[in-house]
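These are the residues of each chain, in order.
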Amino acid sequence: MAWNNKPLGNLTPYQLITTFGPGALIDGVTDSLMPLDCKYWPSRNKAIYDKRLTEYLGVEFFKVPEDVPVSIFPDFHECKKCHNLFRVSKIDRESYLLNGARCVCGGNSHPVRFIVICENGHAQDFPWSAWVHDGNDNCKSENLKLVSSGITSSLADLRVVCNDCGAKRSLSGVSLEDSLSKFECDGYHPHKLEKDSTKCTSKVKFSYKGSTNVYFSNIVSALSIPSCNNSLSSRLEKHIEEIQKIQSLTQLPSSAKRRIPDLTLEDYISDLLEDEYEKHFSDYSKDEFFNRLNSKDENKVTKQDLKKQEYDAILNYRNFEKSSFFKAIDEKPEELKEYFSKIIRVEKLKEIIVLKGFNRVEMPDYGEDNVSNLVELNSGKNKWLPAIEAFGEGIFLEFNKETLNKWNKILKVSEKGNLYNSIYSAYLKSKDWEKKEDRDSNYVLIHTLSHLLIKKLGDVSGYTSTSIRERIYYGEDMNGVLIYTSTSDSEGSLGGLVEQGKKENLKNLLLLALKDALTCNSDPICVSTNPVLENLKFNGASCHSCTLVSETSCEIGNKFLDRRFLLSLEGEKMGYFDEYFQNEAGIKLY
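I will try to describe carefully the structure that is included in this document. The model shown is predicted, which means the values in this text are computed figures rather than measured ones. (Residues numbered from 1 in each chain as written. Predicted model: local features only at pLDDT ≥ 70, side-chain atom pairs only at ≥ 80, totals over all residues. Heavy atoms only, no water.)

**Observations regarding the nonpolar core**
Then, in step 1: Among the nonpolar cores identified, the biggest contains 56 residues, and Phe340, Phe399, Leu445, Leu566, Leu567 and Phe577 are the most heavily contacted of them.
Then, in step 2: With 9 residues, helix H13 (residues 441-460) is the single largest residue contributor to this core.
Then, in step 3: Membership of the second largest hydrophobic core comes to 36 residues, among which are Tyr56, Leu306, Ile353 and Val375. (Core = buried A, V, L, I, M, F, W, Y, C linked by side-chain atoms within 4.5 Å. Buried < 20%, exposed > 50% of the residue type's maximum accessible area, 1.4 Å probe, protein only. Helix = DSSP H or I, 4+ residues; strand = E, 2+ residues; numbered from the N terminus.)

In structure tokens form, the structure reads like this:
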């Protein structure tokens, strides 16, 4: 991050995508900063192209965040010497760059700790003047002071004082639910440097500027799938970067204007695309090339469509043996074939991680195509979003469909699976969202095993469990999970997960994970917990002591987990892995 070529802080592209993107608050070298929206970013940033993901997100390409411009937020600062409050925006820019946020008394300052936010993603300075004058229209001065009694650091010991009229008011109670009910949201987006055109009717909420509810990033990621044959579509994918650069041109080069004065931008782009056709696609007819290039899928691509393409690619990994960034090996442990139809060690993969937008106040719903109150990023005329490429490895498990069908015939399994599905349906209905997949017994089984394996891999793979993630593939003709890690380092990861995916290591890993599912420190409360439809309680026998993982690892916010689907824990047959566990561990379950 820089201002007028003067460094204000140092963040990696990964941090700017996942934690400190546009709209987030960052403690810089000298001030509190907020990265600006994409339309303010320099045009030179490296572009990333991925046809599947651009179609899903409705953009033309992605850009790696580098040298991101910032604004100062909050505007109000407190002088460390005289404790007066003042706006940094009223300081001369050159003076700020030279001396920082100095008070008129000559003292240094720091940003105030408090701001106001709303559910629609707006953020504004705390209404200091309106708070201290509390309805007194005779004085609206911003010549204020923040005074502390020095007894404690609580809000009750802080008072706002007007230097002009002498009004005083404590901050006691300011964090209560309706403390700011008199104040309206001004619709301001500091990262856009502008207000929304429509009036915001959402309630404003008091917040510390460092609180977690100030910024929740909305991340979308997908595995990059290489082309596997020589079809026209596959060849287009190979050359999509050059083609999309041409299509995204916004003005004629001066050399082209001089050569042909009446040349239009549309004709210039058409000529360049003709050149691309001659260089790479001449064995197809022009009609075939341009029809495919300009074709649009009438049905909107969903997250489930992306997952199905990845799932098929992993199962058919042999088609990509020449790929430099997608390699896999099939493992076939005889003892596990009843439970898993495929076990694949993905030695090399590439993931594209995109920042779509952010939320404030409430954490967004993970795993859904539509997110309420999302503040989407705006890149201007050329539609793009910030993204990074990450390289890594993983273990893919496909559950045996025949065994799943047999297991679902157990009455208690099907009853509990139907309950989970009903809870999910009710949840989607409450959000007015369309149901696109089930959350039944199979899903809960796959998800719960994924979490237990992630926790155990954190002990033995050389990676922390927070750096290991899941991609659940469930739906029509999909019953699997990819447990993987990735890093933005071009060299990728270190091979720890792939090593644990080897036959003997995996058998031991599964057994250890199932032993963790057998008991919990919170039993008997945990093991007797059930999902509840009435108040949308999503989990059964699951808690932080046994199956919950960090938010960075789970793709749906630690919902739909129940270790009773893995093993029979209440004396009645219900576990998918009962027979395997009893044979390998020598522990009788029922």
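**Regarding the packing of helix H15 (residues 503-518) against helix H16 (residues 578-585)**
Then, in step 1: Where H15 contacts H16, the two axes come as close as 11 Å, and the packing angle between them is 105 degrees. The angle between H15 and H16 places the two elements in the roughly perpendicular class. Note on element contacts: H16 touches H15 through Tyr580, Phe581, Glu584 and Ala585, opposite Lys507, Leu510, Leu511, Leu514, Lys515 and Leu518.
Then, in step 2: Partitioning the contact of H15 with H16 into residue classes produces 7 nonpolar, no polar and 3 charged. (Axes fitted to C-alpha atoms, helices over the stretch in contact; angles between N-to-C directions. Parallel < 35°, antiparallel > 145°, perpendicular 65-115°, else oblique. Contact = heavy atoms within 4.5 Å. Nonpolar A, V, L, I, M, F, W, Y, C, P; charged D, E, K, R; others polar.)

**Considering the sheet that holds strand S7 (residues 70-72)**
Then, in step 1: What the 3 strands build is an open sheet, ordered S3-S4-S7; its pairing is antiparallel. Single-partner strands in this sheet number two, and they are strand S3 (26-27) and S7. (Pairing = 2+ DSSP bridges.)

**Remarks on the pattern of salt bridges**
Then, in step 1: Scanning the model with the defined rule gives 30 salt bridges in all.
Then, in step 2: Across the pair lysine 435 and aspartate 438 runs a salt bridge whose closest N-O atoms are separated by 3.4 Å.
Then, in step 3: For lysine 435, a relative accessible area of 32% gives the class partly exposed.
Then, in step 4: Residue aspartate 438 is classed as partly exposed on the basis of its relative accessible area of 33%.
Then, in step 5: Taking the shortest distance from any N to any O, the salt bridge between arginine 563 and aspartate 523 comes out at 2.5 Å. (Salt bridge = Lys/Arg side-chain N within 4 Å of Asp/Glu carboxyl O.)

**Quick look at the side chain of asparagine 479**
Then, in step 1: With respect to the element layout, asparagine 479 can be found in strand S25 (residues 478-487).
Then, in step 2: The contact partners of asparagine 479, leaving out residues within four places of it in the chain, are Tyr311, Leu397, Glu398, Phe399, Lys401, Leu404, Asn442, Ile446, Tyr473 and Tyr474.

**Here's the deal with the pairing of strand S19 (residues 216-223)**
Then, in step 1: The buried count for S19 comes to 6 of 8 residues, which makes it a mostly enclosed element.
Then, in step 2: Sheet analysis places S19 next to strand S21 (residues 340-359), joined by 8 bridges and oriented antiparallel. Considered in S21, the bridge of leucine 223 is made with glutamate 351.

**So, helix H12 (residues 411-431)**
Then, in step 1: Taking 1.5 Å of rise per residue, 21 residues should cover 30 Å, and H12 covers 31 Å from first to last C-alpha, within 8% of that figure.
Then, in step 2: Buried positions along H12 lie against helix H11 (401-407) and H13.
Then, in step 3: Of the residues one or two after H12, aspartate 432 is the one with positive phi, at around 60 degrees. (Expected span 1.5 Å × (residues − 1).)

**Things to note about the environment of alanine 101**
Then, in step 1: Within the fold, alanine 101 resides in the loop between helix H3 (93-99) and strand S10 (109-111).
Then, in step 2: Overall, alanine 101 belongs to the buried group, its relative accessible area being 12%.
Then, in step 3: With 83 residues separating them along the chain, alanine 101 and threonine 18 place their C-alpha atoms 29 Å apart.
Then, in step 4: In contact with alanine 101, not counting residues within four places along its chain, are Asp31, His77, Phe86, Val88, Ile91, Tyr96, Gly107, Asn108 and Ser109.

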